[in-house]
Amino acid sequence: MTTNKPGILFLHGYPLDNRVWSEQLGFLDGHFFLFRPNFPGFGQTGPGENNVYAIDGSSPIYISLEFTDWTSLAGLSDWLANAIDQLHDMLPTVPDKWIVCGLSMGGYVALEFWKRHRYRVAGLVLTNTKASIDDDKAIANRLAVVEQANSLGSDSVTLPMLPKLLAQSSMETNPKVVARVEAMMRSISSTTISRSQQAMIFRNSFMDDLGVIDVPTLVLAGARDVITPGSLMESMAAKIPQSYFKVIEDAGHLAPMENPADWNSEFLSFLAKL
Ligand code: MLT
């Protein structure tokens, strides 16, 4: 038996983990089946560890999935589909369809998931992300990041990202968010940095697919996001037939953490439209 109500699948960005969604759980618990996995290698997961966290009603469920030595974002989307199959085997209440919500790298995976596992997707929420691929400069930068992480350690490449990920106002006035982002960054290994950077270099473009996305899609930008600027996200949204575009004020690249009140309110309005 499965329920008709979609579940919500939250996909985190880089160099973060599923703690990025902490502000989204409370108001949804008990109303939706929530699933917020750590991608393998993120959030201090490793072989043999319980690396998937789901919530059915208000009860947390930990499931242990085989650790995948993934090399592509398409592979990660297949890993997620496999995780959902495992959840189905464990619980009768697991939904068939999902609202897939991805932040940045999680957004790239959300688009792969929509393309490869379309029958499971009831809607998309794309926050602080894009559909295009890297230019030569971005690829060179990723290769330099991999080299530096391997020679000088992971913190040497992740910690300097803080002022790019967060709006200046968050940096200055929100020490709790700064500390939480820093804690996530400190938990990523150079192996995971290397694997995810390479997967992002070789990711697929979804620019030609935007016009055929056939599910309601909420596109959320941070007003102060310098990594995926609002103008870029607005033009992406304009190409998606059933899309809603909103800008979250006082937020940079991590809008769900930086301004959870506004982000959650847009998210809830979107859910109410489905
Ligand atoms: C992220 O936040 O996931 C990254 O900025 C994505 C990327 O490096 O392209």
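Anything mentioned here points back to the structure above.
Residues numbered from 1 in each chain as written. Predicted model: local features only at pLDDT ≥ 70, side-chain atom pairs only at ≥ 80, totals over all residues. Heavy atoms only, no water.

Draft legend 1. Structural detail: helix α9 (residues 190-201). Compared with the 16 Å implied by 1.5 Å per residue over 12 residues, the 16 Å span of α9 between its first and last C-alpha is a close match. Within α9, 9 of the 12 residues are buried, which leaves it mostly tucked inside the rest of the structure. Of the positions making up α9, those classed as buried are T192, I193, S194, R195, S196, Q197, A199, M200 and I201. For α9, the secondary structure elements touched by its buried residues are α2 (73-90), α3 (105-116), α4 (136-152) and α5 (155-158). (Helix = DSSP H or I, 4+ residues; strand = E, 2+ residues; numbered from the N terminus. Expected span 1.5 Å × (residues − 1). Buried < 20%, exposed > 50% of the residue type's maximum accessible area, 1.4 Å probe, protein only. Contact = heavy atoms within 4.5 Å.)

Draft legend 2. How the structure looks around the site of the ligand. For the ligand, the full set of nearby residues is G13, Y14, S104, M105, Y108, R142, M200, I227 and H253. S104 is positioned such that a nitrogen or oxygen atom in its side chain is 2.9 Å from an oxygen atom of the ligand. With respect to the ligand, the side chain of Y108 contributes an N or O atom lying 2.6 Å from an oxygen atom. Starting from 270 Å² of accessible surface for the ligand in isolation, the protein chains cover 92%. At a threshold of 2 Å from the grid points, most atoms of the ligand map onto the largest pocket. Across the shell around the ligand, the residue classes tally to 5 nonpolar, 3 polar and 1 charged. (Near = heavy atom within 4 Å. Polar contact = N/O pair within 3.5 Å; in protein donor to acceptor, adjacent residues only side chain to side chain. Areas by Shrake-Rupley, 256 points an atom, 1.4 Å probe, with all protein chains shown as cover. 1 Å grid on protein atoms, 1.4 Å probe; cavity = no way out; pocket = protein on both sides within 12 Å on 5 of 7 lines; lining within 4 Å. Sits in = over half its atoms within 2 Å of the grid points. Nonpolar A, V, L, I, M, F, W, Y, C, P; charged D, E, K, R; others polar.)

Draft legend 3. Region of interest: the pairing of strand β1 (residues 7-11). Within β1, 5 of the 5 residues are buried, which leaves the element mostly enclosed by the surrounding structure. Residues G7, L9 and L11 of β1 are buried on one face, and the alternating residues I8 and F10, pointing to the opposite face, are buried as well. Both β1 and strand β5 (residues 98-103) contribute to a ladder of 5 bridges, which runs parallel. The residue of β5 that forms the bridge with F10 is C101. Pairing of β1 with strand β2 (residues 34-35) involves 2 bridges; the strand directions are parallel. By the bridge assignment, L9 is partnered in β2 with F35. (Pairing = 2+ DSSP bridges.)

Draft legend 4. Structural detail: the environment of L254. Considering the arrangement of structural elements, one finds L254 in the loop between β8 (243-248) and α11 (255-258). On the basis of relative accessibility, which here comes to 0%, the residue L254 falls in the buried class. Separated by 241 residues in the primary sequence, L254 and G13 have C-alpha atoms spaced 9.0 Å apart. Ignoring sequence-local partners within four residues, the contact set of L254 consists of L16, L103, N128, L165, L166 and V181.

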